[in-house]
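# Examining the three-dimensional arrangement
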2 protein chains.
Amino acid sequence: MEPHEPDLTAVPVTNVLAALADDVRLQIVRALAEGGEAACGSFDFGVSKATRSHHLRVLREAGLTRTRAAGTSRLVRLRRDELDKLYPGLLDAVLTQRPPA
Amino acid sequence: MEPHEPDLTAVPVTNVLAALADDVRLQIVRALAEGGEAACGSFDFGVSKATRSHHLRVLREAGLTRTRAAGTSRLVRLRRDELDKLYPGLLDAVLTQRPPA
DNA sequence: GGTGTTGTTCGATTATTGTCGAACAAGGGT
DNA sequence: ACCCTTGTTCGACAATAATCGAACAACACC
């Protein structure tokens, strides 16, 4: 299986935004931004592993993450450098803690 | 009808991103960013006026635009200052012309 | 070889969203 | 008063996307 990690410049902005416009995926991105590389299983946000796998695929195919195999696990990391270069400020804006309610 | 223009800080980030994650709406936002205030009818992007009205509602309810009546028209404008303050870099990142394909 | 762990894929279901035409509402002319 | 322009709202329908359980694949370890 090709990992389907597209060139970021080939991904429409709307796809990048759509990938970020989901609560579960945003939590994953936040976790990756803070903790660096992490195994898929470490993102336990109240969804089944099938759903989690789906969200990780969306993030990967939107060019937001890279995945590499490591034993039986798969390690995921944010493509932060590329994102910051192509969309400066986007990640920072999105990752900023929500203003106190 | 209350125009439903929420306090930006009360809108979840995912809603803001979802509002931007649509091609028609992104074109509207780009037009507003360049041309300032504009009438609803000026956004002719190959959709019916019903659909256009729907998209403008989504943008308004996500806190991205403000609308005011002017005769039989309605003038729409970007809430750029507020957006830039709350999500610095977001609009700039999104409005930047896509890299040449 | 067998067992457990970790993920992915498949098919089905449900929910959300984009789209339209038609009907309606508010104004501005003439 | 009448009509035209400009938008909004109302169903309805189609397309997309989120979610799950179950089946499957790859690997590690005993």
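What comes next is a walk through the structure. This is a predicted model, so every value here is computed, not measured. (Residues numbered from 1 in each chain as written. Chains lettered and ligands numbered in written order. Predicted model: local features only at pLDDT ≥ 70, side-chain atom pairs only at ≥ 80, totals over all residues. Heavy atoms only, no water.)

## Description of the relation of the copies chain A and chain B
With an RMSD of 0.0 Å, the operation that places chain A on chain B is a rotation of 180° combined with a shift of 0.0 Å along the axis. Those values place the two copies in the arrangement expected of a two-fold rotation axis. Relative to the rotation axis, the C-alpha of Gly89 of chain A is the closest in chain A, positioned 2.1 Å from it. A share of 100% of the interface residues of chain A reappears at the interface of chain B, consistent with the copies meeting face to face through the same patch. (Least-squares fit on C-alpha atoms with pLDDT ≥ 70 in both. Contact = heavy atoms within 4.5 Å.)

## Some thoughts on the protein's contact with DNA strand D
Neighbouring residues of DNA strand D: 21 residues in total, closest His55 of chain A together with Lys49, Ser53, Arg57 and Thr72 of chain B. Within 4 Å of the protein, atoms of DNA strand D come from sugar and phosphate in 67% of cases. The side chain of Lys49 of chain B places a nitrogen or oxygen atom 2.8 Å from a base oxygen of DNA strand D. Split by residue class, the surface near DNA strand D holds 6 nonpolar, 10 polar and 5 charged. (Near = heavy atom within 4 Å. Polar contact = N/O pair within 3.5 Å; in protein donor to acceptor, adjacent residues only side chain to side chain. Nonpolar A, V, L, I, M, F, W, Y, C, P; charged D, E, K, R; others polar.)

## Quick look at the pattern of salt bridges
What the rule picks out here adds up to 16 salt bridges over all chains. One salt bridge connects Glu61 of chain B with Arg57 of chain B, and the closest N-O pair in it is separated by 3.4 Å. With Glu61 of chain B and Arg57 of chain B both in helix 3 (residues 49–61) and 4 residues apart, this pair spans about one turn of that helix. In this structure Glu61 of chain B comes out as partly exposed when scored by relative accessible area, which is 31%. What emerges from the salt-bridge pattern is a single network uniting Glu5, Arg66, Arg79 and Glu82 of chain A. (Salt bridge = Lys/Arg side-chain N within 4 Å of Asp/Glu carboxyl O. Helix = DSSP H or I, 4+ residues; strand = E, 2+ residues; numbered from the N terminus. Buried < 20%, exposed > 50% of the residue type's maximum accessible area, 1.4 Å probe, protein only.)

## Some thoughts on the interface of chain A and chain B
Contacts between chain A and chain B engage 22 residues on the former and 22 residues on the latter. The junction of chain A with chain B conceals about 1,600 Å² of combined surface from both sides, 71% of it contributed by carbon and sulfur atoms. The interface formed by chain A and chain B includes 0 salt bridges. The tally of links from chain A across to chain B stands at 0 residue pairs in polar contact (both at pLDDT 80 or more). Within the residue set of the side of chain A that touches chain B, elements represented by two or more residues are helix 1 (13–20), helix 2 (23–35) and helix 5 (90–95) of chain A. Residue composition of the side of chain A that touches chain B, by class: 15 nonpolar, 3 polar and 4 charged. (Buried area = accessible area lost by both parts, 1.4 Å probe.)

## Quick look at the protein's contact with DNA strand C
Surrounding DNA strand C, one finds 21 residues, the nearest of these being Lys49, Ser53, Arg57 and Thr72 of chain A together with His55 of chain B. Within 4 Å of the protein, the contacting atoms of DNA strand C are 70% sugar and phosphate, with bases supplying the remainder. Separating a phosphate oxygen of DNA strand C from a side-chain N or O atom of Thr51 of chain B is a distance of 2.8 Å. Residue His54 of chain B places a side-chain N or O atom 3.2 Å away from a phosphate oxygen belonging to DNA strand C. Contributions of two or more residues to the surface near DNA strand C are made by helix 3 (49–61) and strand 3 (73–78) of chain A together with helix 3 of chain B. The class makeup of the residues in the surface near DNA strand C is 6 nonpolar, 10 polar and 5 charged.

## Comments concerning helix 1 (residues 13–20) of chain B
Burial analysis of helix 1 of chain B places 6 of its 8 residues in the buried class, the great majority of the element. Of the positions making up helix 1 of chain B, those classed as buried are Val13, Thr14, Val16, Leu17, Ala19 and Leu20 of chain B. In this fold, the buried residues of helix 1 of chain B make contact with helix 1, helix 2 and helix 5 of chain A together with helix 2 (23–35), helix 3 and helix 5 (90–95) of chain B.

By themselves, these observations are geometric and do not establish any function.
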